[in-house]
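Each chain, letter by letter, is given below.
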Amino acid sequence: MSRTTLDLWVGVFVAIGIAALLFLALKVGSISGSGIQSPYTLSAHFDNIGGLKVRAPVKSAGVLVGRVEEIRYDNERFQAEVVFTVDGRYKFPVDTFANILTSGLLGEQYIGLEPGGEEKSLAPGEVIKKTQSAVVLEKLISQFMFDKAADSGSAPAK
């Protein structure tokens, strides 16, 4: 085999390897086409969004139904406003509850939608009124530690 043929084959294998890495990166990052049909936007206000990021998933019953599009601070309400798109195939009632949840103990954060019982559905651009902010691990640990310290300080002396 001549030197140019060998160089050509090495170049082909390098190109295939780069294409495979790009494909895997898109799949892992969930950036590839997700098949969202006729999306509509909703928003919700949270006291604390924790580590929620743009492009984070929006799930209902474990099914991916949308993505976070924008996160901004509302100066009038002193809260974070999260704007997200939802696949048009999925409709949610007006009393839907939006939670910021975590995948696993220290995994990525996402918005979980829990549908309510109303018959009227949310219209595009509406705000979800019922929300629950992210659980901040540091707050939980400090609260646990202060509760333990208060319990040990109030124990009767023997």
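Up top is the structure these notes are about.
Scope of this entry: the structure provided in the associated data block.

Concerning the pairing of strand β4 (residues 79-86)
Here's step 1: Most of β4 sits inside the fold, with eight of its eight residues counted as buried.
Here's step 2: The alternating pattern of β4 places Gln-79, Glu-81, Val-83 and Thr-85 and Ala-80, Val-82, Phe-84 and Val-86 on opposite faces, both of which are buried.
Here's step 3: When strand β1 (residues 40-46) meets β4, the two strands line up antiparallel, connected through seven bridges. Of the residues in β4, the one forming a bridge with Leu-42 is Phe-84.
Here's step 4: Here strand β3 (residues 63-74) runs beside β4; their pairing, made up of eight bridges, is antiparallel. Bridge assignment links Asp-74 to a residue of β4, and that residue is Gln-79.

Some remarks on a nonpolar patch on the surface
Here's step 1: A surface patch of nonpolar side chains, amounting to about 860 Å² of accessible area, comprises Leu-105, Leu-106, Val-135, Leu-137, Leu-140, Ile-141, Phe-144 and Met-145.
Here's step 2: Along the chain, Leu-140 falls in helix α2 (residues 137-153).

Some thoughts on the nonpolar core
Here's step 1: Ranked by size, the top nonpolar core spans 22 residues in total, and within it Leu-52, Val-82, Phe-84, Ile-111, Leu-113 and Ile-128 carry the most contacts.
Here's step 2: Those elements that provide at least two residues to this core are β1, β3, β4, β5 (97-102) and β6 (109-114).
Here's step 3: Non-local contacts of Leu-113, meaning those with residues more than four positions away in its chain, are made with Val-58, Lys-59, Ser-60, Ala-61, Val-65, Phe-84, Phe-92, Thr-96, Phe-97, Ala-98 and Ile-128.

Some points on the sheet that holds β1
Here's step 1: The eight strands lie next to each other as β7-β1-β4-β3-β2-β6-β5-β8, forming an open sheet whose pairing is mixed. On the outer flanks of this sheet lie β7 (127-128) and β8 (130-132), each paired with one strand and no other.

Notes on unusual backbone geometry
Here's step 1: Even without glycine at this site, Arg-55 takes up a positive phi of about 80 degrees.
Here's step 2: Structurally, Arg-55 is set in the loop between β1 and β2 (57-60).
Here's step 3: For Arg-55, a relative accessible area of 39% gives the class partly exposed.
Here's step 4: Residues other than glycine seldom take positive phi values, yet Ala-61 does so here, at roughly 55 degrees.
Here's step 5: Along the chain, Ala-61 falls in the loop between β2 and β3.
Here's step 6: Take Ala-61: its relative accessible area is 80%, and that puts it in the exposed class.

Side note on the side chain of Asp-74
Here's step 1: Its place among the elements puts Asp-74 in strand β3.
Here's step 2: One buried charged residue, Asp-74, forms no salt bridge at all, with the nearest opposite charge on Arg-77 at 4.5 Å.
Here's step 3: Excluding its chain neighbours within four sequence positions, the residues that come into contact with Asp-74 are His-45 and Gln-79.

What to know about the packing of aromatic side chains
Here's step 1: Tallied over the entire structure, the rule returns one aromatic pair.
Here's step 2: Seen from their ring centres, Trp-9 and Phe-13 are 6.2 Å apart, and the 35 degrees between their planes marks the pair as tilted. Taken together, the residues span about one helical turn, with Trp-9 and Phe-13 both in helix α1 (residues 3-28) at a distance of four residues.
Here's step 3: Classification of Phe-13 as exposed rests on a relative accessible area of 57%.
Here's step 4: Over the ring of Tyr-110 we find Lys-59, and its NZ or CZ is 5.0 Å from the ring centre.

Rules used in this analysis
- Residues numbered from 1 in each chain as written.
- Predicted model: local features only at pLDDT ≥ 70, side-chain atom pairs only at ≥ 80, totals over all residues.
- Heavy atoms only, no water.
- Buried < 20%, exposed > 50% of the residue type's maximum accessible area, 1.4 Å probe, protein only.
- Helix = DSSP H or I, 4+ residues; strand = E, 2+ residues; numbered from the N terminus.
- Pairing = 2+ DSSP bridges.
- Patch = residues over 30% accessible without salt bridge, like charges linked within 9 Å, V, L, I, M, F, W, Y side chains within 5 Å.
- Areas by Shrake-Rupley, 256 points an atom, 1.4 Å probe, with all protein chains shown as cover.
- Salt bridge = Lys/Arg side-chain N within 4 Å of Asp/Glu carboxyl O.
- Core = buried A, V, L, I, M, F, W, Y, C linked by side-chain atoms within 4.5 Å.
- Contact = heavy atoms within 4.5 Å.
- Lys, Arg positive; Asp, Glu negative; His and termini not counted.
- Phe/Tyr/Trp six-rings, centres within 6.5 Å; stacked < 30°, edge-to-face > 60°.
- Lys NZ or Arg CZ within 6 Å of the ring centre and 35° of its normal.

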